[in-house]
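# Fold and contact review
So you can see what is in the structure, the chains are spelled out below.
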Amino acid sequence: MSYYQPGILAAPVPSQARHLFFALESIEALPQALDQLLARVDGATAVAGFGASLVKALGARVQGLKAFPALTGVGVDNPSTQHALWVWLHGDDRGELLHRSNELAVALAPALRLVGMNETFRHKTGHDLTGYEDGTENPQDEAAVAAALAEGEDGLRGGSFAAIQQWQHDFQGFAAMQQQERDHIMGRRLSDNEELDDAPVSAHVKRTAQESFAPEAFLVRRSMPWIEGDKGGLMFLAFGRTLNAFEAQLRRMSGLEDGITDGLYRMSRPITGGYYWCPPLHNGQLDLRALQASK
């Protein structure tokens, strides 16, 4: 039996998914809402993450958990749209996900109110809508476990920290570029996904090379595309044993390390940002022992 929420590491990403974001409305009604959450979140078809404000409302503390920083870099802004609770629903049928979303929203009320929803999907075999493969450098197997899952005592071991940003792409601007320019933004060739040795230092691959940080900044990415009308982009999602690796990458991307902004900002911008702690599992249910006592 898994000691962590298996949806965190399950590959490939689901064919369909929904990100649900909840605001805390009633602390008094939280015990009943948590009971409902335990009954409806299995960690596989639904992954749950607690924001810092919800953890504080429970009188608890999870070491390393904080609100997403509104990070301003060299000509770029990374907004914070932090929420109390995040639930990531997996499935194969959009209609089923709609019904599950509605049922969960009703079950968690009045303690938690659904205030945001993003519908995502797997494109091709795991590609961004630009056509480039996503998550090429993801650690695998034991390396993925080491990167994504925390160690420690019961109630913390198997937990994970999720970093989420919704990126909106400028499709017209990107399409107007020459193919070499697009490849240099990404740092890979679209045709064969090979990393380019001659890509500029601003290339996304070079800015986020996980082994180039000290300490190394390994994450497990589970990003998926989104579309709303004529807008679209990538719902970036990464899991780490702490938030340090993601934040180090974001700071470098934003030019705060050396003044060089990631080329990705030339064709896409983040419009949301949130941090969440994903509890481990115990006997097939979310293990909330870390939230039951003040720390």
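Heads up: the structure comes first, above all this text.
Let me begin by describing the structure that accompanies this report. Note that the coordinates shown come from a computational prediction; the quantities given were computed from them, not determined experimentally.

Looking now at the packing of helix H1 (residues 30-40) against helix H3 (residues 94-108). Direction vectors running N to C along H1 and H3 enclose 150 degrees, while the axes themselves pass 8 Å from each other. Taken together, the axes of H1 and H3 lie roughly antiparallel to each other. Within the contact between the two elements, H1 uses Ala-33, Gln-36, Leu-37 and Arg-40 and H3 uses Glu-103, Leu-104, Ala-107 and Leu-108. Class assignment for the residues of the contact of H1 with H3 results in five nonpolar, one polar and two charged.

This brings us to the packing of aromatic side chains. Under the counting rule described, the total for this entry stands at 12 aromatic pairs. Ring centres of Tyr-3 and Tyr-4 lie 5.2 Å apart, and the angle between their planes is 85 degrees; on these two criteria the pair is classed as edge-to-face. Taken together, Phe-21, Trp-86, Trp-88, Phe-239 and Tyr-276 form an aromatic cluster joined through their ring pairs. The ring of Tyr-3 is capped by Arg-157, whose NZ or CZ atom sits 4.0 Å from the centre of that ring. Above the ring of Phe-174, the side-chain terminus of Arg-182 is found at 5.8 Å from the ring centroid.

Next up on the list: the nonpolar core. Counting 57 residues, the largest nonpolar core has Leu-37, Phe-50, Leu-85, Val-87 and Leu-112 as its most contacted members. Residues in contact with Leu-37, not counting those within four places in the same chain, are Phe-50, Leu-85, Val-87, Leu-108 and Leu-286. Ranked by size, the runner-up nonpolar core spans 23 residues in total, among them Leu-9, Ala-144, Val-220 and Cys-278.

Tracing the sequence through the fold places Ser-254 in the loop between helix H8 (244-253) and strand E11 (268-270). Polar side-chain contacts of Ser-254 include one of 2.8 Å to the backbone oxygen of Leu-250. When residues no more than four places from it in sequence are discounted, the contact partners of Ser-254 are Leu-71, Gly-73, Val-74, Val-76, Asn-78, Thr-261 and Tyr-265.

The rules behind these values
- Residues numbered from 1 in each chain as written.
- Predicted model: local features only at pLDDT ≥ 70, side-chain atom pairs only at ≥ 80, totals over all residues.
- Heavy atoms only, no water.
- Axes fitted to C-alpha atoms, helices over the stretch in contact; angles between N-to-C directions.
- Helix = DSSP H or I, 4+ residues; strand = E, 2+ residues; numbered from the N terminus.
- Parallel < 35°, antiparallel > 145°, perpendicular 65-115°, else oblique.
- Contact = heavy atoms within 4.5 Å.
- Nonpolar A, V, L, I, M, F, W, Y, C, P; charged D, E, K, R; others polar.
- Phe/Tyr/Trp six-rings, centres within 6.5 Å; stacked < 30°, edge-to-face > 60°.
- Lys NZ or Arg CZ within 6 Å of the ring centre and 35° of its normal.
- Core = buried A, V, L, I, M, F, W, Y, C linked by side-chain atoms within 4.5 Å.
- Buried < 20%, exposed > 50% of the residue type's maximum accessible area, 1.4 Å probe, protein only.
- Polar contact = N/O pair within 3.5 Å; in protein donor to acceptor, adjacent residues only side chain to side chain.

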